[in-house]
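Reading the structure
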Amino acid sequence: MPPSAPSDREASSAGSVLIGMPKTPRASAANAPRRQALPYARQLVDEDDVQAVVDVLRGEWLTTGPKVGEFEQAVARVAQAQHAVAVSSGTAALHAAMFAIGLKPGDEVILPTLTFAATANAVVHAGATPRFVDVDEGTLLIDAAAVEAAITPRTQAILGVDYAGQPCDSGPLRAIARRCGAVLIADACHSLGAMDRGRAVGSLADLTVFSFHPAKAITTGEGGMLVTSRSDYADRARRFRNHGIDGDHHTRAATGQWFYDMVDLGLNYRLTDFQSALGLSQLRKLPAWLARRRAIAARYDAAVAEIAGLRALSVRSGVVHARHLYVIVVDAKAFGMTRDDLIVRLRGEGIGANVHYRPVHLHPFYAARPESAAARCPVAEAMAQRIVSLPLFPRMSDGDVDDVIAALQRAAKGARA
Ligand SMILES: *Cc1c(COP(=O)(O)O)cnc(C)c1O
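Everything in this summary refers to the structure shown in the same document. The model shown is predicted, which means the values in this text are computed figures rather than measured ones.

A sheet is described by the order of its strands in space; here seven strands give the open sequence E1-E9-E8-E5-E4-E2-E3, paired in mixed fashion. Of all the strands in the sheet, just strand E1 (83-87) and strand E3 (129-133) have a single pairing partner and so form its edges. Between one strand axis and the next, the sheet turns through 20° on average, direction left out of account. The pairing of strand E2 (residues 108-112) with E3 spans five bridges and is parallel. Looking across to E3, one finds that Glu 108 is bridged to Thr 129. Of the strands in this sheet, strand E4 (155-161) and strand E5 (183-187) touch helix H7 (residues 170-180), which is tilted by about 145° from E5. The sheet contacts of helix H8 (residues 231-240) involve E1, E5, strand E8 (207-211) and strand E9 (224-228), and relative to E1 the element is tilted by about 15°.

Below is the structure:
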């Protein structure tokens, strides 16, 4: 991590904002850059985690063993959900959710355009059509009024994204879903451990999807999970991750059965036991890591409030935020510098500024499709030109946070000089 280290030229070319940062930070003016570049996200793997993985590697079960179920139960507890199905990535969990609800060609799923492409790709993989809608300007969460306006007789699901770690306002979304007979799904890849009015993410939608990519709250290398209170959804997702085969090998072994039925067209989306052991070990540290993320975010909040032309995203009342991303919004006129220039400047100082996200309907694959021509998302399109994600991960030191804040303050001063 980071996977790509763009050259300064790449990073500064209009519209191309990549993960990563220059390998060797360049000194800007009189300010000494950081000796070590600070990424926007990074995993934390300690000796306990390593030992947990090694223990499984020395044992009998590398995959489809007991650790998978243990990890599922542990995530279900955190997410206040009845059922959990571990899979090989957040993307696989999204795909399994689409399969679980029986999505088919001709169906439509409403989702915000300001998200990672995988959210929409899952819909397309299921043969259905994504309906891209706009986001709220303050929170960048899916706009309920836009959802309402996008409902058609073909709408099968509303897929909200807990952008930056803040749960979507599920009340209005649930009401719309109930009225039109749609399923409410949460892409909670950013929000493991978040709460809304005392209820955990995982209990707010019919189906909720998590990712354990190294940039997320906890990691299994690659990995994901689907949680739900519906046993039929969980059963279908479980079949889907195992080639569409009914039942599992443990049950067959117990009953002496040697044949099995493949009843659906599934995939191999299984999570291994050593990944599950890593996830279990990581999950124990989630509360402390979320607390650290919130403490860093609080320091950014205080600093950003003092800089003209920058603002933080708003947080809905009653929300306990997971703080996956810390996103600032640049008002180029008031700040005296464009968003793109600010990113180049921060990266030049070794601060891994990033953008989440380019609206999905503007990516070449989607731009060529008819549903994108129909998308009306002026807020997402405008905000995508103004947002910057600052580094935020539990392993950041207070000194790292100071460096980010100082770099922002220098940029503000330089912009006005
Ligand atoms: C990370 C992420 C995904 C995909 O998860 P993977 O585990 O990387 O497949 C999907 N949606 C959102 C919003 C994400 O941030």
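Right, let's talk about the pairing of E5 for a bit. Most of E5 sits inside the fold, with five of its five residues counted as buried. Side chains Val 183, Ile 185 and Asp 187 project from E5 onto one buried face, and the interleaved Leu 184 and Ala 186 project onto a second face that is buried too. Sheet topology places E4 next to E5; five bridges connect them, and they run parallel. Within E5, the residue paired with Ile 158 across the bridge is Leu 184.

Our focus in this paragraph is the sheet that holds strand E13 (residues 387-390). Strand order in the open sheet formed by three strands is E10-E12-E13, and the pairing between neighbours is antiparallel. For this open sheet the edge positions go to strand E10 (310-312) and E13, each flanked by a neighbour on one side alone. Averaged over all pairs of adjacent strands, the angle between their axes in this sheet comes to 35°, without regard to strand direction. With four bridges connecting them, strand E12 (residues 326-330) and E13 associate as antiparallel partners.

Attention now goes to the site of the ligand. Around the ligand there are 15 residues in total, and Gly 90, Thr 91, His 190, Ser 211 and Lys 216 lie nearest to it. The contact in question runs from an oxygen atom of the ligand to an N or O atom on the side chain of Lys 216, over 2.9 Å. For the ligand, whose unbound accessible area comes to 380 Å², protein coverage reaches 92%. In terms of residues, the shell around the ligand owes the most to one element, helix H4 (residues 90-100), which gives three residues.

Our focus in this paragraph is the environment of Leu 141. Within the fold, Leu 141 resides in the loop between E3 and helix H6 (144-150). For the pair Leu 141 and Val 161, spaced 20 residues apart in the sequence, the C-alpha separation amounts to 6.9 Å. With near-sequence residues (within four places) excluded, Leu 141 lies in contact with Val 135, Asp 136, Val 161, Asp 162, Tyr 163, Gln 166, Pro 167, Cys 168 and Arg 316.

This part covers the nonpolar core. Core analysis: the biggest nonpolar cluster contains 102 residues, and Tyr 163 and Leu 342 have the highest contact counts within it. Among the nonpolar cores identified, the runner-up in size contains 27 residues, and Val 68, Phe 212, Leu 271 and Trp 289 belong to it.

The next subject is the packing of helix H13 (residues 339-348) against helix H17 (residues 398-416). Axis separation between H13 and H17 bottoms out at 10 Å; the angle between their running directions is 130°. As judged from the angle between their axes, H13 and H17 are oblique. Handedness of the H13/H17 crossing: right-handed. Touching Leu 342, Arg 345 and Leu 346 of H13 are Ala 407, Leu 408, Arg 410, Ala 411 and Gly 414, all from H17. Among the residues forming the contact of H13 with H17, the class breakdown is five nonpolar, one polar and two charged.

Cut-offs and rules
Residues numbered from 1 in each chain as written. Predicted model: local features only at pLDDT ≥ 70, side-chain atom pairs only at ≥ 80, totals over all residues. Heavy atoms only, no water. Pairing = 2+ DSSP bridges. Helix = DSSP H or I, 4+ residues; strand = E, 2+ residues; numbered from the N terminus. Axes fitted to C-alpha atoms, helices over the stretch in contact; angles between N-to-C directions. Contact = heavy atoms within 4.5 Å. Buried < 20%, exposed > 50% of the residue type's maximum accessible area, 1.4 Å probe, protein only. Near = heavy atom within 4 Å. Polar contact = N/O pair within 3.5 Å; in protein donor to acceptor, adjacent residues only side chain to side chain. Areas by Shrake-Rupley, 256 points an atom, 1.4 Å probe, with all protein chains shown as cover. Core = buried A, V, L, I, M, F, W, Y, C linked by side-chain atoms within 4.5 Å. Parallel < 35°, antiparallel > 145°, perpendicular 65-115°, else oblique. Left-handed = near helix turned anticlockwise from the far one by under 90°. Nonpolar A, V, L, I, M, F, W, Y, C, P; charged D, E, K, R; others polar.

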